[in-house]
Every structure is written in C-alpha cells, then in structure tokens.
Amino acid sequence: MYSSSIFEGNLDHFSDQEPQRAPIGIFDSGVGGLTVLRQLYRQLPNELVIYFGDTARLPYGIRSQAEILKFVREIITWMQQQRVKMVIMACNTSSALALEAVRQEFSIPILGVILPGAKAAVEQGKRIGVIATPATAKSNAYRHAILEIEPDVQVWQVSCPEFVPLIEQNRIHDPYTTEVARSYLASLIKQEIDTLVYGCTHYPHLAPILRSLLPPQVKLVDPAVHVVAACAQDLDLLGLRNTHPPLPTRFAVSGCPQQFAQSGMQWLGYTPLVEQVCFMDAAVSQLQQDYVGH
Ligand SMILES: N[C@H](CCC(=O)O)C(=O)O
C-alpha cells in the first residue's frame, strides 16, 4: 500500500546537499490542485512547492487511460528535472488511472489522493457517496479502495462531467451550476448517504453550493486534507521535512499563464506569477483550443 511503496524506489535522487529544501511537486489538469495546495499551506507551511496545471489538455476526466498515463509521465519527468523531492498527484483522475504505473517507473515518492480519501471516508460513514469525473467514476477506484479497507459499507458513485468545465470557466456562481449540482446529487440524496467524498480536486471549490443542497447530517470528505497529512508523515519518515523559511510557490501551466493567474487568484488570495511549460503535445492541444475559440 501507499506508505511502504515510497521506500521501494532508490533514493539517489536525494543526494543533493540539503534535500529537505527541495520543492514538492503538485500537479492537476487545472485549478483543482489548488485545493491541495491550500491544504499544504495550512499543514506544511515551510515547504517549497512547484505547482503544475496541465491547462492545455484539460479536462482530464474525459480522457483515456493511455492519454492520462502519457501526460502524467511527461509531467513527472519534468518535475524530476526541477529536482522535486516528492510528487503529489492533486488529481483523482490521474491517481485512479496512472498512479500504480508511474510508481513502478519513477524512483521519486509519488502520492495519490484516492487512498487517503477512501481511508477518511470509512472513518466517517457507512453509506458513502462519491462524486467524480467520468474517468474516475468508471475506473471504480474509490469503490475498490473503500471496500478493500471496509467491506461493510455501501458506495455510490456519480459521474459529474459538467463540473470541471464550469469551475475552469469561473461559472461557480452561475445559477446553472447549482441546477447541475442538484441533478448530480439527487440519486445520492435518495440513497440517504451519510458521507460524500469529493472525488475530484476541483469540487471543493463548489463546497458552499454542495453544502446548501445536501441534508445537514451528510459529512463531506475532502481527500486534499488527508493526502497532505500523509505527505507530512512521509516527509518525516524520509527525513525530508523542510524547516527553513518558505520561498514563494512556483506556478507553471501548459496553457495560458494569464488565464490561470486570473482564476487562481480567487482561490489563493494572491495573484500568482505563472510561467508556461511547453510539452509538444500540450502545445498542439492549446493551438486547437485557440482555433476553436476564434
Ligand atoms: N481535478 C482533477 C481533474 C479533473 C479534470 O480535468 O477532468 C481530478 O481530481 O480528477
């Protein structure tokens, strides 16, 4: 399982003089991973972070496993070149479809969000709903992880294809988003769930809407909280926790930096400085998006 898998790789990567000072790499398709970054600021305020958003190729949730695996390999290779000490996949879709494969391929510790989220869910309830991207729901990753930890619970998963585009387009306060959320939650409310897992890192951005639609007794589980707690534990185990004062987070995207800076601002409380990283394939996706947009 996940904690022990960290020690399976070789740790040559950490032979730098002060490996504790190396950054943690966090990635997502877009602004979803900022929900994980916010947790990292709360729980591990001394850590330096490199955040990557693959905005030229989002949404990930409608991609095939082969595509996700290719993207994730590219991102982790780039992060290794930036000499990160650990990677957090702040993306459920990547964690569901690519985590196991890349853990075999890279020596660097890589954390996914699904197992920490599943562990937290079974501590909270017995009738567990999971809202997720189409790819994550189809993979059954949450169902399997939850039932492996606790077979004596029930799990319902709902695929929510419209959420990520609405969040990325800054349409959270649009009444249409509330209507979409109402329809996605209907079957879960009917099943009388007692716990709801955010099975996509974008969804905590919708917390006020989801909270207002759910019965008050339903507990919300945000895997971001728990993956960062696991990260803290693993940094301690590896002797990699940074105790020096923090440096500013470095942000990079494959798409338009200005757009990310603008939408990221509302979640971060400051305007991030964003650079562009060019992966060949992502550049082609961006050109296609630009072309469709004109
Ligand atoms: N935020 C990601 C990706 C969503 C997407 O791009 O579809 C996730 O947790 O699944």
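Residues numbered from 1 in each chain as written. Predicted model: local features only at pLDDT ≥ 70, side-chain atom pairs only at ≥ 80, totals over all residues. Heavy atoms only, no water.

Going by the annotation in an unreviewed UniProt entry, the name recorded for the protein is Glutamate racemase, with Cylindrospermum stagnale PCC 7417 given as the source organism. As recorded by UniProt, the Catalytic activity (unreviewed entry) comment attached to the protein reads in full: "L-glutamate = D-glutamate". Under the UniProt heading Function (unreviewed entry), the entry covering the protein gives this text: "Provides the (R)-glutamate required for cell wall biosynthesis." (UniProt positions renumbered as here; feature names shortened; annotations may be inferred.)

(A) Up close: the sheet that holds strand β8 (residues 219-221). Spatially, four strands are ordered β6-β5-β7-β8 in an open sheet, and the strand pairing comes out parallel. With partners counted over all chains shown, the strands left at the sheet margins are β6 (154-159) and β8, one partner each. Averaged over all pairs of adjacent strands, the angle between strand axes in this sheet comes to 25°, irrespective of strand direction. In terms of strand pairing, strand β7 (residues 195-199) meets β8 through three bridges, oriented parallel. Bridge pairing in β8 places leucine 196 opposite leucine 220. The sheet strands contacting helix α6 (residues 114-124) are β5 (127-132), β7 and β8, and the helix crosses β8 at an angle near 165°. (Pairing = 2+ DSSP bridges. Helix = DSSP H or I, 4+ residues; strand = E, 2+ residues; numbered from the N terminus. Axes fitted to C-alpha atoms, helices over the stretch in contact; angles between N-to-C directions. Contact = heavy atoms within 4.5 Å.)

(B) Representation of the sheet that holds strand β3 (residues 86-89) within the structure. With parallel pairing, six strands are arranged side by side in an open sheet as β4-β3-β1-β2-β9-β10. Each edge of the sheet is formed by a strand with only one pairing partner; in this case those strands are β4 (110-111) and β10 (274-276). Two elements, strand β9 (residues 250-253) and β10, share three bridges in a ladder whose sense is parallel. Paired with valine 253 across the bridge in β10 is glutamine 276. Each of β1 (24-28), β2 (49-53), β3, β4 and β9 touches helix α3 (residues 65-81); the most contacted strand, β1, lies at about 155° to it. Taken strand by strand, helix α12 (residues 223-238) contacts β1, β3 and β4, and its axis lies near 165° from that of β3.

(C) Here's a closer look at the UniProt feature "binding site: substrate" (unreviewed entry) in the protein. UniProt's feature table lists "binding site: substrate" (unreviewed entry) at Asp28, Ser29, Tyr60, Gly61, Asn92, Thr93, Thr201 and His202, given in the numbering used throughout. Spanning 175 residues, the named residues nonetheless gather at one spot, since no C-alpha pair among them exceeds 11.8 Å. Lining the largest cavity, out of the annotated residues just given, are Asp28, Ser29, Tyr60, Gly61, Asn92, Thr93, Thr201 and His202. Along the chain, the position of threonine 93 falls in helix α4 (residues 92-97). By relative accessible area, threonine 93 is classed as buried at 3%. Beyond its immediate sequence surroundings of up to four residues, threonine 93 is in contact with Tyr60, Gly61, Ile68, Thr133, Ala135 and Thr136. As for its position among the elements, threonine 201 is in the loop between β7 and α11 (207-213). Relative accessible area serves as the criterion here: at 6%, threonine 201 is assigned to the buried category. Other than its neighbours up to four places away in sequence, threonine 201 contacts Asp28, Gly32, Gly33, Thr35, Val36, Ala90, Cys91 and Asn92. (1 Å grid on protein atoms, 1.4 Å probe; cavity = no way out; pocket = protein on both sides within 12 Å on 5 of 7 lines; lining within 4 Å. Buried < 20%, exposed > 50% of the residue type's maximum accessible area, 1.4 Å probe, protein only.)

(D) Structural detail: the pairing of β7. In terms of burial, β7 is a largely internal element, five of the five residues being buried. Residues Thr195, Val197 and Gly199 point to one face of β7 and Leu196 and Tyr198 to the other, with burial holding for every one of them. Direction of pairing for β5 relative to β7: parallel, over a ladder of five bridges. Bridge pairing in β7 places alanine 132 opposite glycine 199. On the question of chirality, the crossover connecting β7 to the parallel β8 by way of α11 is right-handed. (Right-handed = clockwise from strand over helix to strand, strands pointing away.)

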